[in-house]
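The chain contents come next:
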Amino acid sequence: MPPVFAHGRLRLYLLKLLDEAPRHGYEVIRLLEERFQGLYAPSAGTVYPRLAKLETEGLVTHATEGGRKVYSITDAGRAELADRGGELADLELEIRDSVSELAAEIRADVSGAAGDLRRELRAAASASATQVEDESWKAAKEELRKAKAEWKEQARRAKDESRRAREEAQQARRQAKEAQERAREEVQRIAGQLQEQFAKSGGVLGSLAGAWLGGSGSTAAPTATAPRAPSAAPASAPDTDWARDVPATGDPARDLDRLLDRFRDDIRDAARDRGISDDQLAQARTHLAEAAARIASALGPQG
């Protein structure tokens, strides 16, 4: 029998089941058996040690109800699930493939058993060609018929599950890609607004915006304690190619973290190269607070 779960995948799937609802160990085993159409059921010696290890790592916790431990996922567990969303979609597809493989093995076993039975029946018929077909012969034919019918039903269900799994995995990948593009466009839109505000404020804020978004900016490096008079620097259009070199991972949350890291590094480098005064720091704090509020609002719950 091929392995049902690759290394580390059962651990991820246990987190998924606990994210759906708190469960005790026996319920987790029963759910896994249902997901595999009764073709596979993990033993208690497989599930309980992994639940205990997840609890040691702080990803799950448990409470005692009616003398049994009921496990629940923690915030850290949910964070790991979110970080491995693409891997979880692949795991769902692998599970359906495992069901198909198990069904194929059952089909091979049934086919082999049916062949053995036919050979035995032919031998019995040859040895007693003159005998009338008796009840045992009829019973053997009925058993063979039932075995074939059961195999066909199992194969049909496995095929349907595999098809649905592929469709769900493809949809999950499309949604992840769309969410990543929306996050990138939103960051670029807010970056353009920041550029306009920074350019209007003049001084080092205009220089910071120019350095980050590709604006002209001043090339002179003022000292950290010498504030400059505000200048009416014209606002320029946002750089639509900003951070295009940041590779996409397929995980929108991780991609947004990388974009924010790039934003922080660009602003910090510009401030270090050009210097910043106390007044300019106060202006930067105000503009960054406004930008943070806009980004948090844009990344709120989707309708």
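Residues numbered from 1 in each chain as written. Predicted model: local features only at pLDDT ≥ 70, side-chain atom pairs only at ≥ 80, totals over all residues. Heavy atoms only, no water.

Draft legend 1. The arrangement of the packing of helix α2 (residues 25-35) against helix α3 (residues 44-56) in detail. Contact pair α2 / α3: the axes reach a minimum separation of 10 Å and the direction vectors enclose 125°. Between α2 and α3, the interaxial angle falls into the category oblique. The interaxial crossing formed by α2 with α3 has right-handed handedness. Residues Gly25, Tyr26, Val28, Ile29 and Leu32 of α2 touch α3, and the partners they reach there are Ala44, Val47, Tyr48 and Leu51. Its residues assigned to classes, the contact of α2 with α3 shows 8 nonpolar, 1 polar and no charged. (Axes fitted to C-alpha atoms, helices over the stretch in contact; angles between N-to-C directions. Helix = DSSP H or I, 4+ residues; strand = E, 2+ residues; numbered from the N terminus. Parallel < 35°, antiparallel > 145°, perpendicular 65-115°, else oblique. Left-handed = near helix turned anticlockwise from the far one by under 90°. Contact = heavy atoms within 4.5 Å. Nonpolar A, V, L, I, M, F, W, Y, C, P; charged D, E, K, R; others polar.)

Draft legend 2. Up close: the nonpolar core. Formed by 23 residues in total, the largest nonpolar core has its most connected members in Leu14, Leu15, Leu18, Val28, Leu32 and Val47. Where this core is concerned, the elements lending two or more residues are α1 (9-20), α2, α3, β3 (68-73) and α5 (85-127). For this core, the element with the highest residue contribution is α1, accounting for 7 residues. In this structure Leu15 touches Leu54, Leu59, Val60, Ile73, Gly77, Glu80 and Leu81, once residues within four positions along its chain are discounted. (Core = buried A, V, L, I, M, F, W, Y, C linked by side-chain atoms within 4.5 Å. Buried < 20%, exposed > 50% of the residue type's maximum accessible area, 1.4 Å probe, protein only.)

Draft legend 3. Structural context of the pattern of salt bridges. Using the criterion set out here, one finds 26 salt bridges in the structure. A cluster of three or more residues bridged by salt bridges with shared partners is formed by Lys16, Glu20, Arg23, Glu27, Arg30, Glu34 and Arg35. (Salt bridge = Lys/Arg side-chain N within 4 Å of Asp/Glu carboxyl O.)

Draft legend 4. Representation of α1 within the structure. For α1, which comprises 12 residues, the first-to-last C-alpha distance of 17 Å matches the rise-based estimate of 16 Å (1.5 Å per residue) to within 8%. For α1, a buried count of 9 out of 12 residues is recorded, marking the element as mostly surrounded by other parts of the structure. The complete set of buried residues in α1 reads Arg9, Leu10, Leu12, Tyr13, Leu14, Leu15, Lys16, Leu17 and Leu18. (Expected span 1.5 Å × (residues − 1).)

Draft legend 5. Representation of the environment of Arg145 within the structure. Tracing the chain through its elements places Arg145 in helix α6 (residues 135-201). A polar side-chain atom of Arg145 sits 2.4 Å from a polar atom in the side chain of Glu142. (Polar contact = N/O pair within 3.5 Å; in protein donor to acceptor, adjacent residues only side chain to side chain.)

Draft legend 6. Highlighting the confidence of the model for the chain. Of the residues in the chain, 72% have a pLDDT of 70 or more, and the chain-wide mean is 77. Per-element averaging of pLDDT across the chain places helix α7 (residues 203-213) at the bottom with 52 and β3 at the top with 93. (pLDDT = per-residue confidence, 0-100.)

Draft legend 7. Molecular detail of the packing of α1 against α2. α2 packs onto α1 with a crossing angle of 105° between their chain directions and a minimal axis gap of 11 Å. One finds that α1 runs roughly perpendicular with respect to α2. Touching Leu10, Tyr13, Leu14, Lys16, Leu17, Leu18 and Glu20 of α1 are Val28, Leu32 and Arg35, all from α2. Taken together, the residues that form the contact of α1 with α2 break down as 7 nonpolar, no polar and 3 charged.

Draft legend 8. Representation of helix α8 (residues 252-274) within the structure. For α8, which comprises 23 residues, the first-to-last C-alpha distance of 33 Å matches the rise-based estimate of 33 Å (1.5 Å per residue) to within 8%. Pro252, Asp255, Leu256, Leu259, Phe263, Ile267, Ala270, Ala271 and Arg274 are the residues of α8 that are buried. For α8, the side-chain oxygen to backbone nitrogen distance between the N-cap and Ala253 is 3.1 Å, and the N-cap itself is Asp251. Gly275 lies just past α8 and shows a positive phi near 85°.

Draft legend 9. Structural view of the sheet that holds β3. The 3 strands are arranged β1-β3-β2 in an open sheet whose pairing can be described as antiparallel. Only two strands of the sheet have a single partner each, and these edge strands are β1 (23-24) and β2 (60-65). When β2 meets β3, the two strands line up antiparallel, connected through 6 bridges. Among the inter-strand pairings, Thr64 is bridged to a residue of β3, identified as Lys69. α3 contacts β2 and β3 of the sheet and is inclined by roughly 115° relative to β2. (Pairing = 2+ DSSP bridges.)

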